[in-house]
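Spelled out, the chains give:
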Amino acid sequence: MTTVPHDGRRRLPDIRSFLARQGVLFCLAAVAVVSVHVAIFLAGLYASPVNFDEAYVLQSPANFVQGRGWGSFDWQTGGPIVLFDPITSTGPTALVPVAASFALFGVGIEQARWVMLLWYGLFVGGAWTLGHRMAGRWAGLAVALATLALNTRVDFPSSVIFGPAEVLGEIPAVSLILLAILLLRSRPQLAGLALGLAAMAKLAALLAVPVLAVALLFVPRDTWGVLWLRIGRGPELARRFASAVVLGLWVIVPVGLWEVVKLIGLHWPAYKQNLKGNLAFFGRSGSGVTGTRVTDYSGRIDKYQLSWFIPSWLATLIFVGTAVIVVGLLVLAVVSWRRGTSLPGRVGPPEFAVAAIFLGYMIWWIFLANSLFARQSFPGMLLGGPITAAFVCVAAGVAWRSRHLVGRIAAVGLIAAWGVVAVTQAYRHVEKSFSDESYTRGEQIAAADFIEENFPQGIQSLDYWQNPELTFLAGVDSVPFPAQDDSRPLVLSPLHQQLIPDQYREALEDDCVDVLYSQDGFVVCTVAPTD
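Criteria and cut-off values
Position labels on residues start from 1 in each chain and follow its written sequence. Since the coordinates come from a predicted model, pLDDT governs what is reported: local features require at least 70, and pairs of side-chain atoms require 80 or more to be given and counted, while whole-chain, interface and lining totals use all residues. Hydrogens and water are ignored here; the side-chain numbers use all heavy atoms of the structure. Where helices and strands are cited, they refer to DSSP runs of H or I of at least four residues and of E of at least two residues respectively, numbered from the N terminus. Residue exposure (1.4 Å probe, protein chains only): buried if accessible area is under 20% of the type maximum, exposed if over 50%, otherwise partly exposed. Methods summary: accessible areas were calculated by the Shrake-Rupley approach with a probe of 1.4 Å, and residue burial reflects only the protein chains presented. Criterion for a salt bridge: a side-chain nitrogen of Lys or Arg within 4 Å of a carboxyl oxygen of Asp or Glu. By this definition, two strands are paired if DSSP reports at least two bridges between them. Within this scheme, the nonpolar core is defined by two criteria: the residues are buried Ala, Val, Leu, Ile, Met, Phe, Trp, Tyr or Cys, and they are joined through side-chain atoms within 4.5 Å. Contacts were defined at the residue level, with two residues in contact if any of their heavy atoms lie within 4.5 Å. For this text, the term disulfide refers to a pair of cysteine sulfurs within 2.5 Å.

A. Fine view of the overall build of the protein. The secondary structure content of the protein amounts to 22 helices and nine strands. Going through the 531 residues of the protein one by one, you find that 50% of them count as buried. As displayed, the protein has an accessible area near 24900 Å², and 66% of this comes from carbon and sulfur atoms.

In structure tokens form, the structure reads like this:
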């Protein structure tokens, strides 16, 4: 038989065959979902403002590639760079790839944000895989679209994520948590590694570790192992427990390696101080471990309801309905297991663990954390939309397979209701992505260009508001006002105007001598000499 080598190019009949197998309607729907995500990411890449927190954490990779070490300018005293700055809340998992981008393409906001496409793609792709495993390809599309459910600007102006392109730890953390869930059955050691990397993107990701460790205790295992070593002896319960222990040990591996890097870079005395700084920041930044909790539970519940691109009453209704569906499916799964059958699709402990992670983050933030920023719970809340969509699809599939008229009506009703919610959320998310809050990237760049051109020696800023957005864009440093160097101007921004209006007004009226630049809340002015 003669074999004709393939030239690697796809023929037109091949494309038609692919479309026929997948279905034209499904392919069009997939293109629409991908297009929505691409539009939202590009809006963040080229249009959304530079985030205050984002600009602060970008100091570490920027300073590193410029030879100053991995650290941030000391914005409290104006002193030298603080290596491995404890208050840099986004970790090396997110920032090391950015440093590589800076080294290859130069330091800039777009060079940093392109890196986030990898994490956002992993998040959306992981959501699609989860939905596809649980209830088929259409469910995969539904779950991928449901990643747009959360309004990450809910905390504006205090602590905000304008979109998925911003270099912050939440998207990398949730994408790696999702990857760990997908790997939990087959590769618990890799799932542990993914969780360790997630914790190094955002420390709050550690809350997912005990949930997935418990889920592993309910996953049947023929063997357990570390690296390539597989062990099949012993009772099955012991194998399950050993797999959970292995997961926990692999969580420690990347964290431990980063601590070794810090120890080498800082040496022991400074490393001890750094650890104390990390613990102090963790205690005072909203974790709730210090016991000083905010008791405004109703306010937090209200903010939770406002955190979605749907009316608050509908968010509550969907949460209650999803909780009923999850509990019902859990009971049905137990009954099916006792009868020797299973739920349709692949629904088991790892999938129920997703719902438990979402619920756990919500309970922690509402009742235990001592910060009112909903953003603290985003590594779990970002899973809320996808897992809701996934269980709605599973429930609709169970109802449809019942072959009863009532069941099929319920299935159609569930899918139709979710479709309306999904389209509404996607539309409002896209609309929000292309809208401005109170300042734009263009206004930031105009102010930064003025500073870079006229004051390369740096600027002064109010209190701890050291204008990291403008210093990053302008490539200068900032020191607290009043500084000994009178050649540095005082810089005010719209963020000051919103969060500390009295201090902003007093500085403008009492401290500014000559206003050199004023546009849309951005002010650059000279100040009187210090005594």
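B. Structural view of the pattern of salt bridges. Evaluated as defined, the whole model comprises nine salt bridges. The partner of K303 in a salt bridge is D155, with the nearest N and O atoms 3.0 Å apart. Here K303, found in helix α13 (residues 297–305), pairs with D155, found in the loop between α7 (137–146) and α8 (170–183); they are 148 residues apart in sequence, far enough to count as distant. The exposure class of K303 is partly exposed, given its relative accessible area of 23%. The partner of D502 in a salt bridge is R505, with the nearest N and O atoms 2.6 Å apart.

C. Representation of the pairing of strand β9 (residues 522–527) in the model. The element β9 is extensively covered by neighbouring structure, given that five of its six residues are classed as buried. As paired strands, strand β7 (residues 490–492) and β9 are joined by three bridges and run antiparallel to one another. Paired with L492 across the strands is V523, a residue of β9. Judged from the five bridges that link them, strand β8 (residues 512–519) and β9 form a sheet pairing that is antiparallel. Each residue of the ladder has a partner; that of Q519, found in β9, is F522. Joining the antiparallel neighbours β8 and β9 is a turn of two residues, in which D520 adopts a positive phi near 55°.

D. Focus on unusual backbone geometry. In the segment running from F156 into P157, the intervening peptide bond is cis, with an omega of 5°. Structurally, P157 is set in the loop between α7 and α8. Cis geometry is found at the peptide bond from F481 to P482, where omega equals 0°. Relative to the elements of secondary structure, P482 occurs in the loop between β6 (478–480) and β7. Even without being a glycine, H267 presents a positive backbone phi close to 75°. Tracing the backbone through its elements, the reader meets H267 in the loop between α11 (236–266) and α12 (268–284). Under the relative-accessibility criterion, H267 is labelled exposed at 54%.

E. Fine view of the nonpolar core. Core analysis: the largest hydrophobic core is formed by 113 residues, its most contacted members being I177, L195, W308 and F391. Dropping the residues within four chain positions of it, L195 is found in contact with I177, A180, A208, V209, L212, L247 and V251. F52, Y56, W75 and Y517 belong to the second-largest nonpolar core, a separate cluster that totals 23 residues.

F. Quick peek at the state of the cysteines. Overall, the coordinates contain one disulfide when judged by the stated rule. Across a sulfur-sulfur distance of 2.0 Å, C512 and C525 are joined as a disulfide pair. Residues C512 and C525 are joined through a disulfide that is left-handed, its torsion about the S-S bond being -60°. Note that C512 is positioned in strand β8 and C525 in strand β9, a separation of 13 residues in sequence. The burial state of C512 is the same as that of C525; both residues are buried.

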